[in-house]
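Notes for the structure review
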Amino acid sequence: MAVHDTTDTTDTTGTTRRGDRTAEPVLGSAAPRREGPAKLTGTARYAAEHTPPDCAYGWPVAAAVAHGSVTGIDDSDAMAVPGALAVLTHENAPRLGEPDDPTLLLLQSPRVPHRGWYVALAVGETPEAAREMARALHVSYDEEPHDVLVHPDHPKLYHPEQANGGYPGACERGDFDAEYDAAPHRFDLTYTLGPLHNHPMEPHAATAVWEGGHLIAYDSSQGATVVCQTLATMFGLDPHQVTVVAEHVGGGFGSKGTPRPPVVLAAMGAKHTGRAVKVALPRRELPFVVGHRAPTVQRLRIGARDDGTLAALGHDVTTHTSTVREFVEQAAVPSRVMYGSDGSRTGHGVVALDVPTPSWMRAPGEAPGMYALECAMDEVATALGIDPIELRLRNIPDREPDSGRPFSSHHLADCLREGARRFGWERRDPRPGARRDGDLLLGTGVAASTYPAYVAPSTASVQALGDGSRPAYHVRINATDIGTGARTVLAQVAADELGVPLEAVRIDVGSSDLPAAPLAGGSSGTASWGWAVHKACRELRESDGTLVTVDTTSDVQGQEEYARHAFGAVFAEVSVDTVTGEVRVRRLLGVFAAGRILNARTARSQFIGGMTMGLGMALTEHSSLDTRLGGFVEKDLAGYHVPAHADVPDIDAHWIEEHDPYLNPVGGKGIGEIGIVGTPAAIANAVHHATGRRYRELPLTPDRVGVVA
Amino acid sequence: MKPFTFERATSPEQAVSAFAAQPHARFLAGGTNLVDLMKLGVETPEHLIDVSRLPLNDIEPTADGGLRVGANVRNSDLAAHTTVCRSYPALAQALLAGASGQLRNLATTGGNLLQRTRCPYFQDLSAPCNKREPGSGCSAREGVNRDMAVLGHSEHCVATHPSDMAVALAAYDAQLELLGPEGSRTVPAAEFHRLPEDTPQRDTVLRPGELISHVTLPPPPAGARAAYRKARDRASYAFALASAAAVLAVDGDGTVRHAALAFGGLAHRPWRARTAEQVLTGSRADAETFARAADAELAAARPLSDNAFKVPLARNLAVHTLTALTGDAPNRPAGT
C-alpha cells in the first residue's frame, strides 16, 4: 500500500513522455487545468455570457402562492414598461412535447404545484426591462390549502417501489425482527435532517436562439447530451436540429444534472419573439426550481453483540417529494453496503407534498444516509466501550451484504488505519467531555465514507492530425467540465494511451455536436468518458486510419458482477464554545480509496471540496420551509450559510493507491462525492466527544447546541 | 428594476436640498444594502442622490479628546484607524466582525447605520411584512423566527437591526450629527434606531431628507476597557445571533465606576442595557454582579417560538465579555 501525500505533490508541466522512466507518468500527474488561464482572465464564457446578435432578456415570474391555480394574468402594466417585448403565460406560450421530467412542463397549464413555480416569462430588450416587467405583472390565483411538512406519521406516507438511482425502495435480508429482538445490545436512534440546497457559484442560466429550424442553446448544465435530447422532444425536433453548448460551467452539485427551467424558458421565449433570449435565474429562485436535497427522518435500529459485531441493522427513511414528480432520496441504501449483519431491513417512506421537487444534491443517498449510519455506529462504539475504528473494522463484510456480490476492491480498513496514523488517533482519550481549552470543549471524531463507482456508456472520437515528427491528436467527446478538471484529465488519459506529450492532445468537450456522452454526475464522469477516450485512443493506435469513433455500451454492459464502491475515512477535531454554543472545526482529514487517481491536483481539489461541503452540512447549511407560506425561507448566500474560508482552517486529503482490475481501463472509481459522505458524521461524532451530548440533528448551530450557563 | 434618476451631490447641503425636491429619493453611499434591495424591489426609489464622493472621509480628534468620523469613512478604514484600535477597541472589533472584507471595503459609516433588517420576509415581496408594506402583517412572528428579536418587539414586527458597528457605537455613547432641511442636529447613537411599535416601516428617528454627516465618539472613560463579542452561525460573513459590546472602568477597590453594555441581534435596534448598567455601576466587578446585571436586563425578554436560545446566549456573552474586561479571563480577539 502506498500513500500519496498531496501536500508534497510537486508541480509538473505534464510534458512527460511514456517510457521516460525518470519522469512522472502523465496519468496521475498534477497537470494544471487547461482552462485555468481563460477562467482567470475572464475569457472563459459561461452560459449567460453568450450574447447572440439582437439578444433579448427573459425574466421568469414565480408563483406567489403555495398551491392552487392561476386565474388571471394582467400584463398591461408589464407591456407598458419601455423595452417590453412579450409576456409568455400558459395561455400563449408554445405548446411543448412531454419530457421525462414533468418539472420542465412550464407555462402549459394554470396549475401551481408549489410556491416559486414559474407562471410567466417576461421578455424585454434589457435585463432591467424584463425584471421590471416581471414586477409589474399582475397574477391572480385561486388558492388551495397546502401541506409542506413531512413526518413519519403523515397519513399520506407511502412506500415507493424504487428510490433514486433505481434502488429497490425496501430490502430485507435474514430475519431482522428476530435478530434485533435477540441482540444483547439494542439501539433505536432517530436522526433528522432538514432540506438543503445545491447553490453552485454560477446560478442556472441559458441563452437560446433559433436559426431557421435549428435550436442553439448555451446552457449551464452538467450534461448537454440530455439537454439536447430533452429539448428535441419538447420542441418536436430531431436531435440533430438542436445544439446545446455547455463549455464552461460554474458548478452544479447535481442541480444541473438534468435540464432545468432556464433553457426551456429561453427556447420558448426565443420561439415566441423570434429573437435570441437569455434567461439567468436570480439566486433567490434556485431553491424552488432546480431541486434540493429532501429532508429526511432516519430511524436506525442496531442490534449488537458484546464484541460489537452487528446482529441486526435496520434503516428506515422518511422523506418528501413533490406532487409534480417522485424523487426519493435513497438514504437507506448505504446500509445495504457498509456493514455485515445477520438480519437487515432497509426502506423508504415518502410523502408527496406541495413543495418544490427535490433532486440530486452532493452525494444523494450516501450523504444523509451515512450521516445517520455513522453516527449510530459511533453511539454503539461509545455504549460498548469499543474504539470506533475498531468497531468498524470488526464489521467490514467479506461481500456486499445485500447483493452477496464480491467487492471489486475494498480498502476501508486501510483508510481507517492510515487516517488514524496521520490524525494521531492513538493518543485519543475516548472519554467524552474531558478536554478543555479555556471556554472551549474539544473533541475528535471519525466516520467512514462510501460512494458507488458508477459508470455509463459513452462515445468518443480521436483523430490523428500531426505528421510523424510532431504528433498531434484531437479528442472529441461531449463531456462536461463543471470545474472539476475533466478536460485536463481526459487529455491525460489520451496522452497516456497514445504515448505522446500532454500538449500533443487537443480536446473539445461541452457541446452536443460532439460524440454523445453521459453527464457529469454520480461521480461517474471520468470513469465513463475516460473509458471511451481510452478505447478510442487504443483503437487508433492499433489501426492504420486517422480517425476512430467508439461506443462503450457493450463494454459497460459486459462488466462482471462485482460490487464497486469507493471507500474512505474522515477524521475531525472540533471546538465547542461553552459561552456561545458555536462549533468550529479545527482539523479535518480524509483518506480515500477510490481506485487510480488520475490527476493529483484536481483530485485533491475534489476531495477537500467535498469535505468542505460535508462541513457545511454538519455545521452551517440550514434551510427552513415556512409551513404557513409554504416556501423555503433562506434564499440567498447571506441567509443560507455555506462555509466561509474562516470555517475551514486545516483540511487535508490523502489517498490509498488502489489497483482495481474490475472497474474500467482507466482504473478510477470517481471522486466527486466521496469526500462529502463521511464528513458530517465525523464532525457530529467529534461534537459528542467534546460535549458528551448527542444532538442527532444538523446543522449544529448555536441554537441547537446551546450554551453552558 | 424600477427605473430611477441619478445625481451626484456636490456638497452635503446640496444633497439635502436635492432630497427635499424629490419625495421618493434615497441617498446612495456604498450601496451594499440599498442596491440589493432595489434589485429585489423592496426599495423602489425614483431618484438616487450619490453622496459617496462628498468630503466626509476624515477621522479627526476632537477638542475634548474624542474622535469625529465622517459618514463616508469606509468600515475597513475605520476598523484599521490607529486611534480606533487603541482607544475604541470594541468598535474596531465590531467592525471586523461584520460582513466580509469586500463589503467592509465599500460600506460606509453612515450607510452601516442605515442598513435595513435582513429579515427574510422583509426581502420577499410575496410575503406579508409590515416594515415593507405597512398593514400587510408580520410573517416572521408566527413563521421562521430563530433570528428575530427577543426584546422590544411588537405585534407588528419582530425584526432585528443587523449592524455590529452600531452596537459598539451605542456602548461608547457616540453622537450622530444629522444635516437636514432645517439645519443640523445631534442624536445619541443609542437612540437613533427605534423600536418597531406600530410603525415598523421607520427604522430610525431620521427625518425625511436628513443626512448623517458625522459620528462623534466622546473620549473613552478614564481607565476603561472595552470589547465586542459576537455569536454567529459561521466563522465569517454571518449576522449576529447575539452580540455584546461592553465598556467597563473599575476602581482600584474593585468597584465598577463606569459600565456601558449594549446587545446586538436581540432587538429592532442596538439594545443599550440600561437596567444592567444600573446594577453594575457601584457594584463589585465580579462574575456574580455581571450575571445579576445580565439577568436584570434580560428579564424583559419575550422569546418567540424558535429563539429562546438567544436569552442564555446573550447572558453568557454579557457575563463573559465583562469578565474578560476585569482581567479574570483571557480577552478574546475579534474574529473576521
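Starting from 1, residues in each chain are numbered consecutively following that chain's sequence as written. Think of it this way: whatever chain is written first is A, whatever ligand is written first is 1, and the rest follow in order. Given that this is a predicted model, residues contribute local features only at a pLDDT of at least 70 and side-chain atom pairs are listed and counted only at 80 or more, while totals for whole chains, interfaces and linings are drawn from all residues.

**Quick notes on the overall build of chain A**
Put simply, DSSP marks the helices as runs of H or I at least four residues long and the strands as runs of E at least two long, and each gets a number from the N terminus on. On a plain count of helices and strands, chain A comes out with 17 helices and 30 strands. Computation of the radius of gyration draws on C-alpha atoms alone. For the globule rule, the value is 2.2 Å times the number of residues to the power 0.38. Relative to the globule expectation of 27 Å for 709 residues, the C-alpha radius of gyration of chain A, 26 Å, shows essentially globular dimensions. Judged by the C-alpha coordinates and their principal axes, chain A covers about 75 × 75 × 50 Å. Here chain A holds 709 residues, and the buried ones make up 60% of them. Taking the intrachain contacts of chain A between residues at least 6 apart in sequence as the baseline, contacts between residues at least 24 apart amount to 82%. Put simply, a residue is buried when 20 or more other C-beta atoms lie within 10 Å of its own C-beta and exposed when 12 or fewer do; between those, it is partly exposed, and each C-beta is set from the backbone. We call two residues in contact whenever the C-beta atoms placed from their backbones are within 7 Å.

**Regarding the domain arrangement of chain A**
Residues and elements named next belong to chain A. Where a domain begins and ends is set by an automatic assignment or by a domain database. Domain parsing of chain A yields domain 1 (3–30 + 456–557) and domain 2 (365–455 + 560–709). A straight line from the C-alpha centre of domain 1 to that of domain 2 covers 32 Å. Of all elements in the fold, only β1 (3–4), α11 (486–498) and α12 (525–542) reach the threshold of two or more residues within the side of domain 1 that touches domain 2. Counting residues per element, the side of domain 1 that touches domain 2 draws most heavily on α12, at six residues. Here the residues of the side of domain 1 that touches domain 2 are counted per class, giving nine nonpolar, 17 polar and one charged. Ten residues, namely Ala, Val, Leu, Ile, Met, Phe, Trp, Tyr, Cys and Pro, are considered nonpolar, four, namely Asp, Glu, Lys and Arg, are considered charged, and the remaining ones, Gly among them, are considered polar.

**Some remarks on the domain arrangement of chain B**
When its domains are assigned, chain B resolves into domain 1 (5–50) and domain 2 (225–325). One C-alpha centre belongs to domain 1 of chain B, the other to domain 2 of chain B; they are set 36 Å apart.

**Here we look at the sheet that holds strand β12 (residues 271–272) of chain B**
Residues and elements named next belong to chain B. An order of β9-β10-β11-β12 is seen for the four strands of this open sheet, with the pairing classed as antiparallel. Strand pairing shows two members of the sheet lacking a second neighbour, β9 (225–231) and β12, which therefore form its edges. If DSSP finds at least two bridges between two strands, the strands pair. Inspection of the sheet shows strand β11 (residues 256–264) paired to β12 by two bridges, in the antiparallel sense. The partner of alanine 262 across the bridge, within β12, is arginine 272.

**Describing the interface of chain A and chain B**
Where interface size is quoted, it is often the accessible area lost as the parts come together. Taken together, the contacts link 33 residues of chain A with 30 residues of chain B. Secondary-structure elements contributing two or more residues to the side of chain A that touches chain B are α3 (127–136) and α17 (702–705) of chain A. For the side of chain A that touches chain B, a count of residues per class yields eleven nonpolar, ten polar and twelve charged.

**Details of unusual backbone geometry**
Residues and elements named next belong to chain A. Geometrically, the link from leucine 698 to proline 699 is a cis peptide bond, its omega value of -5° lying close to zero. You will see that phenylalanine 253, though not glycine, has its phi angle at about 55°, which is positive. Tracing the backbone through its elements, the reader meets phenylalanine 253 in the loop between β14 (242–245) and α6 (261–273).

**Brief notes about the sheet that holds strand β8 (residues 211–217) of chain B**
All names here are of chain B. Read from one edge of the open sheet, five strands run β4-β5-β8-β6-β7, paired in antiparallel fashion. Sheet topology places β4 (59–61) and β7 (183–188) at the edges, where each strand pairs with a single neighbour. Across the sheet, the mean angle separating the axes of adjacent strands is 25° when strand polarity is ignored. On top of the sheet, helix α1 (residues 12–20) reaches β6 (175–180) and β8; it is set at about 135° to β8, its chief contact. Comment: axis = line fitted to C-alpha atoms, over the contacting stretch for helices; angle = value between 0 and 180 degrees taken between N-to-C directions.

**Focus: the UniProt feature "domain: FAD-binding PCMH-type" (unreviewed entry) in chain B**
UniProt positions are given in the numbering used here, feature names are shortened, and annotations may be inferred rather than shown by experiment. According to UniProt, the feature "domain: FAD-binding PCMH-type" (unreviewed entry) maps to residues 1–222 of chain B in the numbering used here. Here residues 1–222 of chain B is 25% helix and 17% strand, with 51 Å between the C-alpha atoms at its ends.

**Details of the UniProt feature "domain: Aldehyde oxidase/xanthine dehydrogenase a/b hammerhead" (unreviewed entry) in chain A**
When the UniProt feature table is mapped onto this chain numbering, "domain: Aldehyde oxidase/xanthine dehydrogenase a/b hammerhead" (unreviewed entry) sits at residues 41–145 of chain A. The straight-line gap between the two end C-alpha atoms of residues 41–145 of chain A is 51 Å; of that span, 13% is helix and 34% is strand.

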